[in-house]
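These are the residues of each chain, in order.
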Amino acid sequence: MKAHDGIYLDGAWRPAAGQDVIEVVNPADEQIIGRVPAAGPEDIDTAVRAARAALPAWAATPPAERAARLTALRDVLAARKDEIAETVTAELGSPLPFSQAVHAAVPIAVAGSYAELAATHSFEEKVGNSVVHHEPVGVVGAITPWNYPLHQIVAKAAPALAAGCTVVLKPAEDTPLVAQLFAEAVHEAGFPAGVFNLVTGLGPVAGQALAEHPGVDLVSFTGSTAVGRQVAATAAAAIKKVALELGGKSANVILPSADLARAVNVGVANVMSNSGQTCSAWTRMLVHRDRYDEAVELAATAAAKYGDRIGPVVNAKQQARVRGYIETGVAEGARLVAGGTETPHERGWFVSPTVFADVTPDMTIAQEEIFGPVLSILRYEDEADALRIANGTVYGLAGAVWAGDEAEAVAFARRMDTGQVDINGGRFNLRAPFGGYKQSGVGRELGAHGLAEYLQTKSLQF
């Protein structure tokens, strides 16, 4: 798609207040593919004012009508699914088949799920002598990341719109083109002017202005834990509600009774997916000492198959960050069994699929989120040791458990301090709540729980 040279405010594309621009670069070949405005606080203020002006009428719009607009949005996105996939491939570097199957298909399905929820959700309930109303929280400031750019936009904007909120979106500066495509789809779907607004800009400038704006009632942020702390602190000054989906260091626990080959192969695929740029990736593989060597050999073999199958990481800074963690792993005594710091291509910000063995729980690569195609394999002595290691980070976003007996896996999963656990390779469920424990965030996305984040509660006593 051709980049817009404006921002989407109050139902139309308009020039930004300043002349600064963001260059959008294809991470696979380092070529500039577009330029978008680097908007600032003045543009954020204009967008928030438009959202506030549109709020009363949209909040009063019957849920069935809001559902109809969301259905139309889903249909527009579905009609443009090929363009979505091509756009994400160009600005994120994701291989086209993955962009088609995940980056395009999943957000379309999520939009459809919220169209259905808007039509069927009970926004009022009777509790004894009270009637409890669930009302829109107000103006939502949505700040989204680059790793799943359209999915994260839809996971915030769709439930907010379903709830009756209005939205100001500040997308990641690395992937603004698919955000512009989403704004086009909102316009085509017939949402009233001001209900959705898009402001492209830099995080420390536009993102900060959005988080601290007094006209924003809720800030929904997905990104690093470090930036999440800043967003929360900014919002706290105004006692503003926040929803934070942050980092992860998820454990893939393979119990002795598991099908080891399947658990390892699926685990490696999970880490390499999206070039390792997934907050919920199972980047720590925990294996019993009796099966450890076999698991390491299986993982190294599996990782080698991904050399030409994954795309680059998003930019040069991220490439340097991931390679730095690989160097740290070697320096701290972990054993490199696949990949490393050697760049597999002359151009583009690629990182080799990498696997470390002999990783101990205290190592940096076992504690910190790397956000690249890097897997750490840890040895455990018994089930209690496995649980200690699995729960032994500041994160708690996702995880996996494998066992020959499903009940055994479920029993272990119930004791993990994490928001979502896949049992023996369980499938992703876009209606199940997604979100973290501990420093992985506050609140939930997707399904009815995701809708609830954008509602506030009022009781009427009779």
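Computed from a prediction, not measured in an experiment: that's the story for all the values here.

Quick notes on the rules
- Residues numbered from 1 in each chain as written.
- Predicted model: local features only at pLDDT ≥ 70, side-chain atom pairs only at ≥ 80, totals over all residues.
- Heavy atoms only, no water.
- Axes fitted to C-alpha atoms, helices over the stretch in contact; angles between N-to-C directions.
- Helix = DSSP H or I, 4+ residues; strand = E, 2+ residues; numbered from the N terminus.
- Parallel < 35°, antiparallel > 145°, perpendicular 65-115°, else oblique.
- Left-handed = near helix turned anticlockwise from the far one by under 90°.
- Contact = heavy atoms within 4.5 Å.
- Phe/Tyr/Trp six-rings, centres within 6.5 Å; stacked < 30°, edge-to-face > 60°.
- Buried < 20%, exposed > 50% of the residue type's maximum accessible area, 1.4 Å probe, protein only.
- Lys NZ or Arg CZ within 6 Å of the ring centre and 35° of its normal.
- Salt bridge = Lys/Arg side-chain N within 4 Å of Asp/Glu carboxyl O.
- Pairing = 2+ DSSP bridges.
- Polar contact = N/O pair within 3.5 Å; in protein donor to acceptor, adjacent residues only side chain to side chain.
- Core = buried A, V, L, I, M, F, W, Y, C linked by side-chain atoms within 4.5 Å.
- UniProt positions renumbered as here; feature names shortened; annotations may be inferred.

A. Representation of the packing of helix α2 (residues 63–79) against helix α4 (residues 96–120) within the structure. Relative orientation of the contacting elements α2 and α4 amounts to 165 degrees, with a least axis distance of 8 Å. By the angle between their directions, the pair α2 and α4 is classed as roughly antiparallel. Judged by the sense of rotation from one axis to the other, the crossing of α2 with α4 is left-handed. Between α2 and α4, the residues in contact are Pro63, Ala67, Leu70, Thr71, Arg74, Leu77 and Ala78 and Ile108, Ala111, Gly112, Tyr114, Ala115, Ala118 and Ala119, respectively.

B. Spatial organisation of the packing of aromatic side chains. Going through the model one piece at a time under the given rule, you end up with 5 aromatic pairs. For the ring pair Phe182 and Phe196, a centre distance of 5.3 Å and an interplane angle of 75 degrees mean the geometry is edge-to-face. Taken as a pair, Phe182 in helix α6 (residues 177–188) and Phe196 in strand β9 (residues 196–198) lie far apart in primary sequence, 14 residues in all. On the basis of relative accessibility, which here comes to 2%, the residue Phe196 falls in the buried class. Among the aromatic residues, those joined into a ring-pair cluster are Tyr8, Trp13, Phe182 and Phe196. One Lys or Arg, Arg309, reaches over the ring of Tyr306 and ends 4.4 Å from the middle of that ring. Positioned above the aromatic ring of Tyr292 is the side chain of Arg379, whose terminal nitrogen or guanidinium carbon lies 4.0 Å from the ring centre.

C. Molecular detail of the pattern of salt bridges. Inspection of every chain in the model, using the stated rule, returns 15 salt bridges. Between Arg35 and Glu23 there is a salt bridge; the shortest N-O distance is 3.4 Å. Residue Arg35 is found in strand β4 (residues 31–37), and its partner Glu23 is found in strand β3 (residues 21–26); the two are separated by 12 residues along the sequence. With its nearest N and O atoms 2.8 Å apart, the salt bridge here joins Arg49 to Asp45. Remark: Asp45 and Arg49 occur in helix α1 (residues 41–59); sequence separation between them is 4 residues, near one turn of the helix.

D. Spatial organisation of the pairing of β3. Across the two faces of β3 the burial differs, with Ile22, Val24 and Asn26 buried and Val21, Glu23 and Val25 not buried at all. Taking the residues between adjacent antiparallel strands as the criterion, β3 and β4 are bridged by 4 residues, where Glu30 takes a positive phi near 65 degrees.

E. Here's a closer look at unusual backbone geometry. With phi around 55 degrees, Asp10 is a residue other than glycine that occupies positive phi space. Judged by its relative accessible area of 35%, Asp10 is partly exposed.

F. Quick peek at the sheet that holds strand β19 (residues 422–423). Strand order in the open sheet formed by 7 strands is β14-β15-β16-β13-β12-β18-β19, and the pairing between neighbours is mixed. Every other strand in the sheet has two partners, leaving β14 (335–338) and β19 as the edge strands with one partner each. Sheet topology note: the strand β18 (residues 399–402)/β19 ladder contains 2 bridges and is parallel. The partner of Val401 across the bridge, within β19, is Ile423. Helix α10 (residues 292–304) contacts β13 (284–288), β14, β15 (354–359) and β16 (374–380) of the sheet and is inclined by roughly 170 degrees relative to β16.

G. The side chain of Thr418, seen in detail. With respect to the helices, strands and loops of the structure, Thr418 is situated in the loop between α14 (406–413) and β19. Looking at Thr418, the relative accessible area reads 7%, which means it is buried. Polar side-chain contacts of Thr418 include one of 3.3 Å to the backbone nitrogen of Leu397. A polar side-chain atom of Thr418 sits 2.8 Å from the main-chain amide nitrogen of Ala398.

H. Focus on the nonpolar core. Counting 62 residues, the largest nonpolar core has Leu70, Leu73, Phe182, Phe191 and Phe196 as its most contacted members. Among the elements that line this core, the one with the most residues is helix α5 (residues 149–163), at 10 residues. With residues up to four places along the chain from it excluded, the contact list for Phe196 reads Tyr8, Ala157, Val167, Leu169, Phe182, Ala183 and Val186. Judged by nonpolar contacts, the second largest core, of 30 residues, contains Leu286, Val322, Ile370 and Leu387.

I. Inspection of the environment of Gln461 at higher detail. By the secondary structure assignment, Gln461 is in strand β22 (residues 455–461). For Gln461, a relative accessible area of 52% puts it in the exposed group. Sequence separation of Gln461 and Asn265 is 196 residues, and the distance between their C-alpha atoms is 57 Å. Excluding residues within four positions of it along the chain, Gln461 makes contact with Asn129 and Ser130.

J. Spatial organisation of the UniProt feature "active site" (unreviewed entry) in the chain. This chain's UniProt record puts "active site" (unreviewed entry) on Glu245. Mapping Glu245 onto the fold places it in strand β11 (residues 241–245). Residue class for Glu245 comes out buried when judged on its relative accessible area of 3%. With residues near it in sequence (within four places) discarded, Glu245 still touches Gln152, Phe221, Thr222, Gly223, Cys279, Leu397, Phe434, Ser440 and Glu445.

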